[in-house]
Every structure is written in C-alpha cells, then in structure tokens.
Amino acid sequence: DEDDPESLARLARSTGDAEIRSWARAALRDIEHDDAPAATDALAHLVAGPPPEDPSEDLVWVPAVLELVQQGVERALAADAAEGPEGNGEGS
C-alpha cells in the first residue's frame, strides 16, 4: 500500500540491494534531455554519488519500486480480466 510509509519502507529495503540501486542511478545518469535542462540538472543532482545506506531513503529507488509495483498490479488486473469470470480465457 503506497499510502503506508512503513510498508513502502519495508518493500524498498527488501528489494533494493546496493548493486541494483547503483545500476538504477547509472541508467538515469545516462538520460539526456536537451529540451529540459532544468529537469536534467535536477536528475543529475539526484543520482550523484552512491546510494544511501538505507534503500527506504533512496530518492531514486523508492519511486522505481512504486512504478514496478504499479505495473505489476496493472498486469495482474489485465490477466485476471482476460481469464474472465469462469477462468476460461474469455474476458467479461
């Protein structure tokens, strides 16, 4: 539940190992937006340096976790709808 800060903190801590959080920072560091220099500067500042020790305090990782959860929920809902009420693969 994204409205529960402690649940989000637990999720961030359980999924955010140092390697994947470093990778996320490196991936964002490579993004270039010539048409949005202020946003690019803000992003560069956000990903500068190593990730914080606690994944729940990582301003890169926490939004990434929320996005991944949202995508998972949407895919699960779509798969459930495709199964239909009888689980026969026909949507309602």
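Because the structure is predicted, anything quoted here is derived from the model rather than measured.

1. A look at the overall build of the chain
Tallying secondary structure elements over the chain gives 4 helices and 0 strands in all. If you list the helices and strands of the chain from N to C, you get α-α-α-α. Looking at the 92 residues of the chain, the share that counts as buried comes to 20%. Counting contacts in the chain only where the partners sit at least 6 residues apart, residues at least 24 apart contribute 54% of the total. With the model as given, the accessible surface of the chain reaches about 6,700 Å², and the carbon-plus-sulfur share is 55%.

2. Some thoughts on the nonpolar core
Leu-8, Ala-12, Trp-61, Val-62 and Val-65 together form the largest nonpolar core, which totals 5 residues. Every element with two or more residues in this core is listed here: helix H1 (5–15) and helix H4 (61–83). Among the elements that take part in this core, H4 stands out by supplying 3 residues, more than any other. Leave out the neighbours within four places in its chain, and Leu-8 touches Val-62 and Leu-66.

3. Description of H4
One full turn of an α-helix is made of 3.6 residues, so residues set three or four places apart face in the same direction. In this model, H4 (23 residues) spans 33 Å end to end at C-alpha, consistent with the 33 Å of a helix rising 1.5 Å per residue. All buried positions along H4 are accounted for by Trp-61, Val-62 and Val-65. Against H1 and helix H2 (18–29) lie the buried residues of H4. Phi for Gly-84, located one or two positions after H4, is positive at around 75°.

4. Let's talk about the confidence of the model for the chain
Of the residues in the chain, 89% reach a pLDDT of 70 or more, and the chain-wide mean stands at 84. Across the chain, the secondary-structure element scoring lowest on mean pLDDT is helix H3 (residues 37–47), at 83, and the one scoring highest is H1, at 91.

5. A look at the pattern of salt bridges
Applying the stated rule across the entire model yields 4 salt bridges. Its salt-bridge partner being Glu-6, residue Arg-13 comes within 3.9 Å of it at the nearest N-O pair. When its relative accessible area of 41% is taken as the criterion, Arg-13 is described as partly exposed. Since its relative accessible area comes to 42%, Glu-6 is described here as partly exposed.

Thresholds, definitions, all that
Residues take numbers from 1 onward in each chain, read along the sequence in its written order. Confidence filtering applies because this is a predicted model: local features only for residues at pLDDT of at least 70, side-chain atom pairs given and counted only at 80 or more, and all residues used for totals across whole chains, interfaces and linings. For the side-chain quantities, the full set of heavy atoms in the structure was used; hydrogens and water were omitted. Strands here mean DSSP runs of E at least two residues long; helices mean DSSP runs of H or I at least four residues long; both are numbered from the N terminus. A simple rule labels every residue: compare its accessible area, found with a 1.4 Å probe on the protein chains alone, to the largest value its type can have, and call it buried under 20%, exposed over 50%, or partly exposed in between. Residue contacts are counted whenever heavy atoms from the two residues lie within 4.5 Å of one another. Surface accessibility follows the Shrake-Rupley procedure with a 1.4 Å probe radius. Residue values consider only the protein chains on display as shielding. For this analysis, a nonpolar core means a set of buried residues of the types Ala, Val, Leu, Ile, Met, Phe, Trp, Tyr and Cys, connected via side-chain atoms within 4.5 Å. An expected span of 1.5 Å times one less than the residue number is assigned to each helix. Confidence of the predictor at the level of single residues is captured by pLDDT, which takes values from 0 to 100. Throughout this description, the term salt bridge denotes a Lys or Arg side-chain nitrogen within 4 Å of a carboxyl oxygen of Asp or Glu.

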